[in-house]
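Structure assessment
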Amino acid sequence: MRTLDLDSLEIFRTVVQEGGIIRAAGKLGRVQSNVTTRIKQLEQRLGLPLFRRQGRSIVLSPEGELLLSYTQRLFRLADEAESRLRAGTPMGVLRIGSLESTAGSRLAPILSRYHRLHPGVVVELATGTTGALVHRVTNFELEAAFVSEPFTAPGLASLKVFEEALVLVTARDVPAVRRASDLAGLTLIAFAHGCSYRKRLEEWLGASAVMPARTLEFASYQAMIACVAAGTGFAVVPRSLLAALRSTGDVRQHELPAKIRRNHTHLVWNGVPSTALEQLQALLAA
């Protein structure tokens, strides 16, 4: 029985990554009709549709999502095989994920040193919420990710790597916040659902039956802090990030209860780590 070939899977993966046939063809240096034909042949081979149309764009079918997770695993193994054959020297692509705050305040010196030690590895970094990152690691879209407590990741291995102090921030003219009820009627500024810091804050507010007047969701801490400084509402951020962004003077900081304030960032991964990931883990442990 003929097996799936890596060339077809690479075309499939590129179509997903580029968001369509036309851009994938350009990325691969192929004509559009060739890419379309190869995708159709792959669907015929499997007897399943891998994409479905949504307006003018195409999105993965459930079967396509499953194939993508296996495809990511296969290419990771291919990279690992090459690395092992090169006397254990890390090579290839290391796809990792990170929280926005961790990427902004912690990773630059670590990844810079990693690059100096292992120039044969190309690090690709994606950011997202803890929930989204755990999902991507579980599906082998990312080899590992830096996520924050609390998180649920059955089947994933983890390593505690950073300790963070979370702080509540408001505009400078807001009176001292000593209890959750002091925030009643104000606007919560946060990342989308799946953010572990937001979950901690909402649990603290909920325990005192406090409901924000509204919630504004942003995709970057810079935008969140700018809105807080402008008096739009309140947010919770790592103290280290305020220092990294040089924003400590733009907002007022309020201490949170210890059970909310103390937090840890973990590196999570799925299965046996590649040589490239092992070297990153060793650097973090050191």
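To start, this report covers the structure provided alongside it. One numbering rule holds for all chains: residues counted from 1, following each sequence as written. Restriction of local features to residues with pLDDT of at least 70 applies here, the model being predicted, together with a cutoff of 80 or more for giving and counting side-chain atom pairs; totals for whole chains, interfaces and linings are based on all residues. Excluding hydrogens and water, the side-chain figures rest on all heavy atoms present in the structure.

Let us look at the pairing of strand S3 (residues 92-98). Burial classes: relative accessible area under 20% of the type maximum marks a residue as buried, over 50% as exposed, and values in between as partly exposed (1.4 Å probe, protein chains only). Elements are defined by DSSP. Helices are runs of H or I of four residues or more, strands are runs of E of two residues or more, and each kind is numbered from the N terminus. Burial of S3 is extensive: five of the seven residues sit out of reach of the surface. Alignment of S3 against strand S4 (residues 121-127), held across seven bridges, turns out to be parallel. Paired with Val-93 across the bridge in S4 is Val-122. At least two DSSP bridges between two strands are needed for those strands to be called paired. Two elements, S3 and strand S5 (residues 144-148), share three bridges in a ladder whose sense is parallel. Directly across from Ser-98, in S5, lies its bridge partner Phe-146.

Taken as a whole, helix H9 (residues 221-229) has its buried residues at Tyr-221, Met-224, Ile-225, Cys-227 and Val-228. Projected onto a plane normal to the axis of H9, the buried residues spread over an arc of 160° and lie on a single side. Tucked into the core, H9 has its buried residues touching helix H5 (100-105), strand S6 (157-170), strand S7 (187-190), helix H8 (196-207), strand S9 (235-238) and helix H10 (239-244). In this description, the arc belongs to the directions extending from the helix axis to the C-beta atoms. What makes two residues a contact is simply this: any of their non-hydrogen atoms within 4.5 Å.

Here we come to the packing of aromatic side chains. Both the distance between ring centres and the angle between the ring planes are used here to describe each pair of aromatic rings. When the centres of two rings from Phe, Tyr and Trp lie within 6.5 Å, Trp using its six-membered ring, the rings pair. Their planes under 30 degrees apart give stacked, over 60 give edge-to-face, and anything left gives tilted. Tallied over the full model, the rule gives three aromatic pairs. Pairing Phe-146 with Phe-162 gives two aromatic rings, centres 6.0 Å apart and planes at 20°, and the pair type is stacked. Here the residue Phe-146 occupies a position in strand S5, and Phe-162 occupies one in strand S6, the gap between them amounting to 16 residues. Across this residue pair, the class does not change: Phe-146 and Phe-162 are buried. Seen from the ring of Phe-75, Arg-13 lies directly overhead, with NZ or CZ sitting 4.2 Å from the centre. Only when the NZ of Lys or the CZ of Arg is both within 6 Å of the ring centre and within 35 degrees of the ring normal is a charge said to sit over the ring. Over the aromatic face of Phe-140 sits the side chain of Arg-73, whose NZ or CZ is 4.3 Å from the ring centroid.

Note on terminology: pairs of cysteine sulfur atoms within 2.5 Å are recorded as disulfides. Considering all chains together, one arrives at zero disulfides under this definition. Cys-195 carries a free sulfur, and the closest cysteine sulfur to it, the one in Cys-227, is 16 Å from it.

Okay, the nonpolar core next. As used here, the term nonpolar core means buried Ala, Val, Leu, Ile, Met, Phe, Trp, Tyr and Cys residues forming a set that is joined through side-chain atoms within 4.5 Å. By size, the foremost hydrophobic cluster in this structure holds 42 residues, and its most contacted members are Val-169, Leu-201, Trp-204 and Leu-205. Breaking this core down by element, the ones donating at least two residues are helix H7 (130-138), S5, S6, S7, H8, H9, S9 and H10. Considering every element that reaches this core, the biggest residue donor is H9, with five residues. For Leu-201, the residues in contact, after removing those within four places along its chain, are Leu-168, Leu-188, Phe-234 and Val-236.

Further remarks concern the side chain of Asn-270. Positionally, Asn-270 belongs in the loop between strand S11 (262-269) and helix H12 (275-285). In this structure the side chain of Asn-270 is engaged in a polar contact, spanning 3.4 Å, whose partner is the backbone oxygen of Val-137. Within polar-contact distance, the side chain of Asn-270 engages the backbone oxygen of Thr-138 at 3.1 Å. Beyond its immediate stretch of four places on either side in the chain, Asn-270 contacts Arg-76, Val-137, Thr-138, Phe-140, Glu-143, Gly-155 and Leu-156. Identification of polar contacts relies on pairs of N or O atoms within 3.5 Å, with a donor-acceptor requirement for protein atoms, meaning one able to donate a hydrogen and the other able to accept it, and with residues adjacent in sequence counted only if both atoms are side-chain atoms.

Another aspect to go through is unusual backbone geometry. The omega torsion across Glu-149 and Pro-150 is -5°, close enough to zero to call that bond cis. Tracing the sequence through the fold places Pro-150 in the loop between S5 and S6. With a phi angle near 65°, Phe-140 is a residue other than glycine that sits in the positive phi range. Here Phe-140 lies in the loop between H7 and S5. Of note, the phi angle at Ala-209 is positive, near 55°, even though the residue is not glycine. With respect to the helices and strands, the residue Ala-209 is situated in the loop between H8 and strand S8 (214-217).

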